Amino acid sequence: MKFLVVGGAGYIGSHMVKHLSGAGHDVVVADNSPTRRNVRRVELDIADGRALDTLFAEYQFDAVLHFASFIEVGESVTDPGKYYQNNVAATLTLLQAMVRAGINQLIFSSSAAVYGSPQYVPIDESHPKAAINPYGRSKWMVEQILEDFDRAYGLKSVCLRYFNAAGADPDGELGECHEPETHLLPLILQAASGRRNDVTVFGRDYETPDGTCIRDYVHVADLVSAHSLAVDYLVAGGASTAFNLGNGLGFSVQQVIDAACAVTGRQIITREAPRRAGDPPRLVADASKAKAVLGWQPQFASLEKIVSHAWHWEQLHPWH
Ligand code: UFG
């Protein structure tokens, strides 16, 4: 098949591109950053409808996978315009160009952030959508736009609501690297490798067994397999829908630090800080819909595997 992967040089997108090109598909990456894969990269801005029209005239893509978005919750609060412009307005331009070109299959990277502070856990897809920041609202707005685009134009989509994406390519070739880095596991492993002095624990006064926040960490390779299954689902004529992607297992910040100490054999120095604004105490997915409908079977559900793959990559790429 022919795929356009928007954001294909990013953390999850790059793992997806490796998988798709390895499976023999024809892949074009749209990203501002270089990709080390041997696929064509176009440096187009998806807010540029004309550039999209030109690309879509050249390639008859079967489907688009859209990974590109800004993801910093705190920044979305201080600069919401940036988030609505990039995550919503530019995505709308992409969708309109897809409609003009007759490309009617999309896999969209959504987030557990659409739910806001959970009213119950584990969270299933019908949990109320009550995002508590512009980042989460931007994802939910796109999901609603997609519902309307299906009704009006027949654009079929699968929205994949990731919980906490983590881990690295089991081969060690690709891994997680954001600039600036704000995510827990890479920060812990940078403290383990000596690239940082310590890792900060945001709050030990939550109503959880050890007082630190609980999250559902899902391996990036398992996210990739869910995307492939979602493509198969649409190709088979599946209706537009959304799926949670998580393991249904919650691990606390302290448990992740403990797992990293065990995997790395290094000392990890922690620093205490107050709660980070907007952090719900516990986010755990009910992903039974993805398992039942897509046949999704996560291969790397154990925290130890997630941490050890991330650590392998961190050691191979100390300069990243
Ligand atoms: N944490 C720390 N110290 C740090 C960084 C994080 O204690 O230095 C804690 C956070 O308070 C949180 C947990 O570790 O309790 C995980 O934090 P991350 O920043 O790694 O991830 P989030 O749960 O905040 O965010 C993830 C995604 C976001 C998405 C959000 C909700 O990375 O893109 O889930 O879906 F918006």
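Provided above is the structure to which this section pertains.
Residues numbered from 1 in each chain as written. Predicted model: local features only at pLDDT ≥ 70, side-chain atom pairs only at ≥ 80, totals over all residues. Heavy atoms only, no water.

Engineer: Which residues make up the site of the ligand, and what values go with them?
Structural biologist: Taken together, 20 residues surround the ligand, and among them His 183, Leu 184, Thr 200, Arg 276 and Asp 279 come closest. Here an oxygen atom of the ligand and a side-chain polar atom of His 183 are 2.8 Å apart. The separation between an oxygen atom of the ligand and a polar main-chain atom of Leu 184 is 2.8 Å. For the shell around the ligand, the secondary-structure elements that each account for two or more residues are α6 (184–193) and β8 (199–202). Sort the elements by how many residues they give to the shell around the ligand and β8 lands first, with three residues. Counted by class, the shell around the ligand contains twelve nonpolar, five polar and three charged residues. (Near = heavy atom within 4 Å. Polar contact = N/O pair within 3.5 Å; in protein donor to acceptor, adjacent residues only side chain to side chain. Helix = DSSP H or I, 4+ residues; strand = E, 2+ residues; numbered from the N terminus. Nonpolar A, V, L, I, M, F, W, Y, C, P; charged D, E, K, R; others polar.)

Engineer: I'd like a description of the packing of α6 against helix α10 (residues 303–316), backed by residues and values.
Structural biologist: At a closest axis distance of 10 Å, the pairing of α6 and α10 adopts a crossing angle of 55°. In terms of their interaxial angle, α6 and α10 are classed as oblique. With respect to the hand of their crossing, α6 and α10 are arranged in right-handed fashion. Only Ile 306, Val 307, Ala 310, Trp 311 and Glu 314 of α10 make contact with α6, whose side of the interface consists of Leu 185, Leu 189, Gln 190, Ala 192 and Ser 193. Grouping the amino acids of the contact of α6 with α10 by side-chain chemistry returns seven nonpolar, two polar and one charged. (Axes fitted to C-alpha atoms, helices over the stretch in contact; angles between N-to-C directions. Parallel < 35°, antiparallel > 145°, perpendicular 65-115°, else oblique. Left-handed = near helix turned anticlockwise from the far one by under 90°. Contact = heavy atoms within 4.5 Å.)

Engineer: Got a sec to walk through the packing of aromatic side chains? Specific residues and values, please.
Structural biologist: Summed over the entire model, instances satisfying the criterion amount to five aromatic pairs. Ring geometry for Phe 56 versus Phe 61: centroids 6.0 Å apart, planes at 80°, classification edge-to-face. The residues Phe 56 and Phe 61 share a single accessibility class, namely buried. Judged by centre distance (5.6 Å) and plane angle (55°), the ring pair of Phe 70 and Tyr 83 falls under tilted. Residue Phe 70 is found in the loop between β4 (63–66) and α3 (73–78), and its partner Tyr 83 is found in helix α4 (residues 80–101); the two are separated by 13 residues along the sequence. For Tyr 83, a relative accessible area of 0% translates into the label buried. An aromatic cluster is built from Phe 56, Tyr 59 and Phe 61, whose rings are joined through pairwise contacts. Over the ring of Tyr 206 we find Arg 275, and its NZ or CZ is 4.0 Å from the ring centre. For the cation-ring pair, Lys 289 lies above Phe 243, with the distance from its terminal atom to the ring centre recorded as 5.1 Å. (Phe/Tyr/Trp six-rings, centres within 6.5 Å; stacked < 30°, edge-to-face > 60°. Buried < 20%, exposed > 50% of the residue type's maximum accessible area, 1.4 Å probe, protein only. Lys NZ or Arg CZ within 6 Å of the ring centre and 35° of its normal.)

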